[in-house]
Amino acid sequence: MTSDRVAPRAWRAYFEGSRLLENELERRMKATSGIDLGDFNVLLVLSEAEGGRMRMGDLARAIAFAPGRLTYRIAALEREELVVRQPSIDDRRGTDAVLTDAGRRRLRKARPQHARHVEELFLGCLDADAVEVLDRVFGPLRSRLLARDHED
């Protein structure tokens, strides 16, 4: 099979496979921890940020959300008291999303379940070479797209 034929097949396998994986991870996260994958990712990224806080625009870029979609999600997380919005400490004109203690507890509960699901559905099916290929392909891709998005 020529690479001209492999490339479309590889793209389709990636596209469809990643959607199927995301859907199953979503289903499992909701069933085991009552949190959806998007909320989990917001809490995770905030937990890794200095002081558990990020400007809303930076957070939107980091998790690949449109700003309006992030605003809606943050409002829902605020209602659950997992996140609060505060004026940015760097620039009072901006707004930071800040992880609360309740958000940290929810994340701490969900993290092991999420890791188990990722292992069962994805990483456990791959050998070390395949994981290295994923890292070589998606590490630079992610960096390139985040840098491009930041320029826009």
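Cut-offs and rules
Numbering of residues begins from 1 in every chain and follows the order in which that chain's sequence is written. Whole-chain, interface and lining totals are the exception, using all residues; otherwise, since this is a predicted model, local features are given only for residues with pLDDT of at least 70 and side-chain atom pairs are given and counted only at 80 or more. Side-chain numbers come from the whole structure's heavy atoms, not from hydrogens or water. Two aromatic rings from Phe, Tyr or Trp, using only the six-membered ring of Trp, form a pair when their centres are within 6.5 Å; if the ring planes differ by under 30 degrees the pair is stacked, by over 60 it is edge-to-face, and anything between is tilted. Over a ring means this: the NZ of a Lys or the CZ of an Arg is within 6 Å of the ring centre and within 35 degrees of the ring normal. Salt bridge criterion: a side-chain nitrogen from Lys or Arg within 4 Å of a carboxyl oxygen from Asp or Glu. Strands are runs of DSSP state E lasting at least two residues, helices are runs of H or I lasting at least four, and both sets are numbered from the N terminus onward.

**Q** Can you walk me through the packing of aromatic side chains in this structure?
**A** Centre distance and the angle of the planes are the two values used to describe a pair of aromatic rings. If you walk through the whole model with that rule in mind, you get three aromatic pairs. By way of ring pairs, the aromatic residues Trp11, Tyr14, Phe15 and Phe138 are connected into one cluster. Lying over the aromatic face of Phe65, Arg69 brings its terminal NZ or CZ to 4.0 Å of the ring centre.

**Q** How should I be thinking about the pattern of salt bridges in this particular structure?
**A** Side chains that carry opposite charge are capable of pairing whenever their charged atoms lie near each other. Enumeration according to the criterion identifies 12 salt bridges in this entry. The shortest N-O distance in the salt bridge between Asp36 and Arg73 comes to 2.9 Å. Of this pair, Asp36 sits in the loop between α1 (3-33) and α2 (37-48) while Arg73 sits in helix α4 (residues 67-79), and the two are 37 residues apart along the sequence. A salt bridge links Asp58 to Arg61; the nearest nitrogen and oxygen atoms lie 2.5 Å apart. You can see Asp58 and its partner Arg61 sitting in helix α3 (residues 56-62), three residues apart, about one turn around the helix.

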